[in-house]
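Listed below, chain by chain, are the residues.
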Amino acid sequence: MSRRVNVGRRVGPFAGALSGLFIAGAAFLGTAVAATVGYFAADLPAAHDLATVPVPLSTFIYDRTGEHLLYTLEDERRELVELGQVPEKMQQATISIEDKTFWSNPGIDVGGIVRAMQANSAAGTIRQGGSTITQQLIKTRLLGDEPTVTRKIKEAILAIEATRTFSKKEILEMYFDQIYYGNQSYGIKAAAKTYFGISDLNRLSLGQMALLAGLPQAPSEYDPIQNMAAAKARRQIVLDAMVENGYVTPAEAEAAATEPIKVNPASTSLYAPHFTFRAREQLINLLGEKAAYRGGYRVYTSLDWNMQQLAEKEVRDHVNGLKPYNVHNAALITMDPTTGEILAYVGSYDYYMHTPQVQGDYDHAGIAFRQPGSTFKLFTYLTGMLKAGMTASTQLWDVEFTMPDGGGKPYHPMDATKEQHGPLTMRQALRESLNLPALQVTRTVGVDAIIDTVHQLGINRDWDRSRIGLSFGIGAGEMRLIDMASAYQVIANLGMRVEPTFIYKIVDPTGKVVKDFSKPESRRVIDQRIAWVFDDILKDNTDPKGSFVFGPWTTIDRPAALKTGTTDNLQDVLAIGFTPQRLTAIWMGNSDNSEMRGISSALGPGVLWRDYMKTVVGGLPVKWYDRPEGIVDKVVCMNPALLGGNGSGLLPGPNCPGSFRFTEHFVQGTEPTTDDRSFYTSCGIRMVAPFADWQGAYNAWAAGAVSGRYSYGRFYWTICGFVPRPVEPSGSPNPSGSPGPSGQPAPSGQPAPTLPPRATPPPPPPPTPTKRP
C-alpha cells in the first residue's frame, strides 16, 4: 500500500507539471493569436463602416415631369433595394452558390475553405471560392481585392466583427446593394435592369435569378452578353446547388435550366444630348463632379419633352428644305423668359451626324462662338438709350461714310440693301435692321460702353478690345447663342435678369429636395420702361403692317417681338424672338463656315421661328406687356407709313409735313420738348453730320438726294445749300405749294411727300426676298 501511495505521489507532480505545460502552451498560443489578430487589426477600418461609408449611387437625369429618363451619371451603376424587395428564391439562389452556411456561420466558414481547397486541387484550377457572403462584402466595400494573405486575414477578422455588429439580414441586404454583377452594374436591382430590363425584382423568373446569382464570382467570365455558353453553364451549377440545399425541386430546376436567356445589349440611353450635357455641366457646378456621379440624385431638368420633340423635328425639316442653298446645320433654344427655364434645346441638326458642315456632336447652341449679325444691334441701341439719352424717336442718319478702321485701311460700310435712306428715327432703323444708323450710335457711345451693356445684361463675355472697331456695334463680335438668348431674356422680362437654368429641381436619395429652381431669383438690371419701349419696337417686326421687311415672313398671329441677323459673308443667320411667355433663339449655318446661298435671316431662321413658335404658344393665352407707369406719349414729326420712318423725331414744327404725325412712346423725362424748326427750314432740311469727319460723305449723299437718286419712295425734300431736283411727272410727289396727301400745303420750297399705300405688297417667292435684313 505504501508503494501505491509512493507511486501516486510520484505521478501527482508529473501530472501537475504536464497540465502546467499545456496551460502555458495554450496561454502562449492564445497570446500569439491575440498578438497576430492585434497586429492585423491595428489599421483595419471599423466593421460598422459597412453601413456608414457612402455607397456610390447612380444619378438619373429626367425631363421636367420625371417620365422620360434622359441620361444616367454613374461611376457604378447602382440602385438601392431593401431585402424585402428581393424575392426569397433570389436570396436562396445566392446563398446556395456563394455561402450555403450563411445563416449559421460566424462570418467565416472553415469547412468551406477546406472544401474549396480540395475541389480546386482536384480540378487543377479554381472552381470554388472559400469566402462567405460576409467576406465578399468586406472585400468589395472596405478592403479591395488585393490577392495577398494579409488581405485575407484582415478580411476574416472584419467578417467576424461584422457578424457581431450586424444581423444576417442586414448583411445580406448590403450584399445585394453592393456586389458587382458585371457591365457596370452594382447591386441586384441594377443588374436586373441591365440584363433583363426589369425594375421590379419580383418579375424575375427562376432562370433569371439563377443566372444573376452566378455572376458575382466571375462577372466577365459568365457575362451573358459576351459569353452565353458560360452563362448557361453557370446557371446550371446554381440550380443544382439550389436543389442540393432543398430550395427548389429537380423539376423546377430543370424547367428553369431550359428557359431561353434574352438579355439586353449593353448600352447607355441618351436623349436630347446637347441639352443633357448642359444640364450635367450645371449639376457638376452646383454639387461637384464626385457628388454628381456618385450621389444617387434624381435630377428633374427644365426640359419640356413635347416641345423638345417639336424643336428637333422643325429644325430637321427646315434644314432639309434649305439644303439646296447650302444650309446644313441649325441650333435652337426655347426658354421661359420669366423663370429662365430652358424648355427646348437643339445643339445641331443631328447629334450623330459627323460631316464637315454638321459636326453634330458639337453644341452650336451652347459652345460655338458665332457672329450674331444684326441681332446684336439691340445692345447697341440700348446703350444709346442708357448712355446717350437717345429715345425711340431720336433722329439717326442712314448715310454711307468712310473712315479708318484702325488698321490703316478705309472702312466703308453699307446696308444690306446697298440703299441710303437719309434721316430716320431709331425705331425705323432698328425694325429695318439698317447698319449705318447703328454705326452712328456705336461711334456716339463707344465700343466699351456697348460691352458694358452686354455685361449689365448678365453676359460674362469679353472681347479683345484692341482688335475690335466700329463694326462691333453691328455684330462683328462673336457670341454664343445661349448668351444671346439670355441677354434678350432681360428685355423679354421687362428688365429683370433671371439666370438660365437647365435644371428644375434636384432630389437626393432620401427624397429631400436639395436644389429648387421653380422659384428663380431675379434682379433688375434695366429700367422696365426702357425694356417696354424696345419690346414695342421689336413687335413691329412680326406685324405685316409694322415691317415690310420682316412682317410678311414672321407673323405668328399674335403680338410677338423679333430681331434677326445676317453676317456679311452669309456664314451665319439668326432669329431671336419672344412673347411674354416664351423666347426662342435660332442659328443657321454650317460648321465648316462655308457660305450659304440665296438665303436671309428672314427666310431661314425667321420662317423656322414662325412655324415653330406658332405651335409653341398656340395653347397659351394671347398676352402682351402691360404698359408700366412712367411712360408718356408724344406726337412727333415722323412719316407713319409702312415705308416711312423718316422725319425729325421732334415735336412737329411749322415746316414739318402735315402728314408726318406719329405717336411715340418715351420714358418720362426723355420726351422731346422742342419742335423741329431747326431741321425743317424754309429752304428745306438742314443736314449736319453727327461727326465732323463724316460731313463730306453726307454732302455727297445730299447731292444725290436732291437729284432723286436716294428717294426709295421715302425722301422728297430739298436740302439747304443744294440745288433741288427737277419736279417729277404726274404720279410723283406734288410740286411745291400744292396740297399734300393730308390736304395741307407742303412746306415752301419743297415737294410734299406721297405716302405709300398701307397695304402690304405681296412678298417675293422664297428664298430671294426683295429686302435682305
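Here, every reference points to the structure presented above.
Procedures and definitions
- Counting restarts for each chain, with residues numbered from 1 along the sequence as it is written.
- The predicted nature of this model means local features are confined to residues of pLDDT at least 70 and side-chain atom pairs, given and counted, to a pLDDT of 80 or more, with totals for whole chains, interfaces and linings taken over all residues.
- Working from all heavy atoms in the structure, the side-chain values ignore hydrogens and water.
- Partly exposed residues are those whose accessible area sits between 20% and 50% of the maximum for their type, while under 20% is buried and over 50% is exposed, using a 1.4 Å probe and protein chains only.
- Elements are defined by DSSP. Helices are runs of H or I of four residues or more, strands are runs of E of two residues or more, and each kind is numbered from the N terminus.
- What is meant by a nonpolar core is a set of buried Ala, Val, Leu, Ile, Met, Phe, Trp, Tyr and Cys residues, joined one to another through side-chain atoms within 4.5 Å.
- Note on contacts: a residue pair qualifies if any of its non-hydrogen atoms lie within 4.5 Å across the two residues.
- Only strands joined by at least two bridges in the DSSP assignment are considered to pair.
- The pocket and cavity definitions rest on a 1 Å grid over protein atoms only: a 1.4 Å probe that fits but cannot leave marks a cavity, an open set with protein on both sides within 12 Å along at least five of seven lines marks a pocket, and residues lining either have an atom within 4 Å of a point.
- Grid points are joined across faces, edges and corners, and a volume is the space filled by probe spheres set on the points.
- By this rule, a helix spans an expected 1.5 Å times one less than how many residues it contains.

K.L.:
Looking at this structure, how should I read helix 17 (residues 435-445)?
P.N.:
Along an α-helix, residues three or four apart share an orientation, since each turn contains 3.6 residues. Of all 11 residues in helix 17, nine are buried, a share of seventy percent or more. Buried within helix 17 are the following residues: Asn435, Leu436, Pro437, Ala438, Leu439, Gln440, Val441, Thr442 and Val445. After helix 17 finishes, the residue Gly446 shows a positive phi value of roughly 90°.

K.L.:
Is there a simple way to think about the nonpolar core in this case?
P.N.:
If you look at soluble globular proteins, the nonpolar side chains tend to sit buried side by side. Ranked by size, the top nonpolar core spans 109 residues in total, and within it Phe275, Phe379, Tyr381, Phe534, Phe578, Trp701 and Ile719 carry the most contacts. The leading source of residues in this core is helix 19 (residues 481-492), at nine residues. Apart from residues no more than four positions distant in its own chain, Trp701 is found in contact with Trp397, Val399, Gln420, His421, Gly422, Pro423, Met687, Tyr710, Phe715 and Ile719. Ile97, Ile188, Phe196 and Leu206 belong to the second largest nonpolar core, which has 44 residues in total.

K.L.:
What is the right way to look at the pairing of strand 5 (residues 298-301) in this model?
P.N.:
Two faces, one strand: in a regular strand the side chains alternate between the faces of the sheet. For strand 1 (residues 59-62) and strand 5, the ladder comprises three bridges, and the chain directions are parallel. Its bridge partner being in strand 5, Ile61 is matched across the sheet by Val299. In the sheet, strand 5 pairs with strand 13 (residues 503-507) via four bridges, with the strands oriented antiparallel. Each residue of the ladder has a partner; that of Arg298, found in strand 13, is Val507.

K.L.:
Explanation requested: unusual backbone geometry in the structure shown.
P.N.:
Outside of glycine, negative phi angles account for most residues, and trans bonds account for most peptide bonds. With a phi close to 45°, Gln359 is a non-glycine residue in the positive phi region. As for its position among the elements, Gln359 is in the loop between strand 7 (342-346) and helix 15 (377-388). Backbone geometry places Lys418, a non-glycine residue, at a positive phi of 65°. Tracing the backbone shows Lys418 in the loop between strand 10 (410-411) and strand 11 (422-425). Classification of Lys418 by relative accessible area gives exposed; the value is 53%.

K.L.:
How do you make sense of the layout of surface pockets when you look at a structure like this?
P.N.:
It is the rolling of a water-molecule-sized probe over the atoms that shows where space remains empty. Estimated volume of the second largest pocket: approximately 550 Å³. Together, 22 residues line the second largest pocket, and Glu281, Arg480, Ile482, Pro500 and Phe502 are the ones closest to its centre. Where the lining of the second largest pocket is concerned, the elements lending two or more residues are helix 12 (273-287) and helix 19.

K.L.:
Any chance you could explain helix 20 (residues 528-539) here in plain terms?
P.N.:
End to end, helix 20 covers 16 Å across 12 residues, agreeing with the expected 16 Å (1.5 Å per residue, within 8%). For helix 20, every residue scored as buried is listed here: Ile530, Ala531, Trp532, Val533, Phe534, Asp535, Asp536, Ile537 and Leu538.

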